Amino acid sequence: MNDEATPQGGLDAKGARRRPRWGRRTPYGIRREPREQRRRLDALPATATYAALDLGTNNCRLLVARPTAAGFSVVDAFSRIIRLGEGVAASGRISEAAIMRAVEALLVCREKMSARGVGRARLIATAACRAADNGEEFRWRIVGIGAA
C-alpha cells in the first residue's frame with residue numbers, strides 16, 4: 001500500500017487544498033457567501049424581534065424570535081388548525097367557515113406580534129389563497145385585519 005498517494009488532512013496528492021464537495025453552492029443550488037461576507041448576528045440589534053407566519057392549507061403557524069449570540073431564541077409560537085383549503089378543489093372557492101377560522105387565527109397572531117414588539121415579519125399564504133375564485137376577496141379581508 002502506498003501511503004504517499006493517499007490524501008491526508010484535506011490536501012490532495014500534490015499537497016493542494018481539496019475543494020469542498022459542493023464547491024461554493026449548497027446541495028439546493030443556493031450560492032454560499034464567503035464567511036467574511038455573511039451578516040453576523042452580532043450586527044443585529046439586541047432588541048430586534050422577528051416573526052414568521054405561515055397561513056397554510058390546513059394550519060396557521062406563527063414563530064416569534066430574537067437574535068442571540070448562538071442564533072435565535074424563540075420568544076413565542078402559535079399553531080391552529082384552520083382547514084383553509086377545505087372544499088377549494090371541489091368548488092374553487094374558500095368557504096365562509098374557513099375564512100372565519102383563518103381570520104380568528106390571524107387576529108391571535110396579530111395580538112402576539114404586537115405584544116412582542118415584532119419589527120420585521122415574513123408572511124406566507126397557501127396557494128389556495130391565490131387559486132380560489134374568492135382569493136382576492138379573502139386577501140382584502142386579511143389586509144383589513146392588519147390595518148385595524
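Here goes a summary of the coordinates provided. Owing to the predicted nature of the structure, the values given are computational and were not obtained by experimental measurement.

So, about the overall build of the protein. If you tally the helices and strands in the protein, you get 4 helices and 4 strands. Counted from the first residue to the last, the protein has its helices and strands arranged as β-β-β-α-α-β-α-α. Counting all 148 residues of the protein, 27% fall into the buried class. Put simply, 52% of the contacts in the protein that link residues at least 6 apart link residues at least 24 apart. Summing over all exposed atoms, the protein offers an accessible surface of approximately 10600 Å²; the carbon and sulfur share of this is 53%.

Under the defined criterion, the tally for this structure stands at 7 salt bridges. Ionic pairing is found between Arg 83 and Glu 86, a salt bridge with its closest N-O pair at 3.3 Å. A residue is classified by how much of its surface remains accessible, and Arg 83, at 36% relative accessible area, is partly exposed. Between Glu 136 and Arg 139 there is a salt bridge; the shortest N-O distance is 2.5 Å.

Turning to the side chain of Asn 134, a few remarks are in order. Mapping Asn 134 onto the fold places it in the loop between α3 (127-131) and α4 (135-147). Its relative accessible area of 6% is what places Asn 134 among the buried residues. Those residues in contact with Asn 134 that sit more than four places away from it in its chain are Arg 93, Ile 94 and Ile 99.

Membership of the largest hydrophobic core comes to 23 residues, with the highest contact counts inside it found for Leu 55, Leu 62, Leu 84, Ile 94 and Phe 138. Looking at this core, the elements with two or more residues in it are β1 (50-55), β2 (59-68), α2 (96-115) and α4. The element that contributes the greatest number of residues to this core is α2, accounting for 8 residues. When neighbours within four sequence positions are excluded, Leu 84 is seen to be in contact with Leu 55, Gly 56, Thr 57, Ile 94, Ala 98, Ala 102, Thr 126, Cys 129 and Phe 138.

Helix length check: α2, at 20 residues, gives a terminal C-alpha distance of 29 Å against a target of 28 Å (1.5 Å per residue), a fit within 8%. Listing the buried residues of α2 in full gives Ala 98, Ile 99, Arg 101, Ala 102, Val 103, Ala 105, Leu 106, Cys 109 and Met 113. Just downstream of α2 lies Gly 117, where phi reads positive at about 70 degrees.

For Ser 79, the position within the fold is in strand β3 (residues 71-81). For the pair Ser 79 and Leu 62, spaced 17 residues apart in sequence, the C-alpha to C-alpha distance is 6.4 Å. Sequence-distant contacts of Ser 79, that is, excluding residues within four places in its chain, are made with Cys 60 and Arg 61.

Okay, the environment of Arg 120 next. Here Arg 120 shows up in strand β4 (residues 120-125). Spatially, the C-alpha atoms of Arg 120 and Ala 51 are 6.5 Å apart, while their sequence positions differ by 69 residues. Those residues in contact with Arg 120 that sit more than four places away from it in its chain are Thr 49, Tyr 50 and Ala 51.

This part is about the packing of aromatic side chains. Applying the stated criterion across every chain, the model contains 1 aromatic pair. A ring pair is formed by Tyr 50 and Phe 72, whose centres lie 6.1 Å apart and whose planes are at 85 degrees; its orientation type is edge-to-face. With Tyr 50 in strand β1 and Phe 72 in strand β3, this pair connects stretches of sequence that are 22 residues apart.

Thresholds, definitions, all that
- Numbering of residues begins from 1 in every chain and follows the order in which that chain's sequence is written.
- For a predicted model such as this one, the threshold for reporting local features is a pLDDT of at least 70, and the threshold for listing and counting side-chain atom pairs is 80 or more; totals across whole chains, interfaces and linings nevertheless cover every residue.
- Note that water and hydrogens are dropped before the side-chain values are worked out from all heavy atoms of the structure.
- For the purposes of this entry, the term helix denotes a DSSP run of H or I that reaches at least four residues, the term strand denotes a run of E that reaches at least two, and both are numbered from the N terminus.
- Burial here depends on accessible area, computed with a 1.4 Å probe over protein chains only, as a share of the maximum for the residue type. Under 20% is buried, over 50% is exposed, and the range in between is partly exposed.
- Here, two residues are considered to be in contact whenever any of their heavy atoms come within 4.5 Å of each other.
- Only the protein chains shown count as cover for residues, with accessible areas throughout obtained via the Shrake-Rupley method and a probe of 1.4 Å.
- Salt bridge, as applied in this entry: a Lys or Arg side-chain nitrogen positioned within 4 Å of an Asp or Glu carboxyl oxygen.
- Put simply, buried Ala, Val, Leu, Ile, Met, Phe, Trp, Tyr and Cys residues joined by side-chain atoms within 4.5 Å make one nonpolar core.
- Any helix carries an expected span of 1.5 Å times its number of residues minus one.
- Think of it this way: a Phe, Tyr or Trp ring, Trp meaning its six-membered ring, pairs with another when their centres are within 6.5 Å, and the plane angle makes it stacked under 30 degrees, edge-to-face over 60, tilted otherwise.

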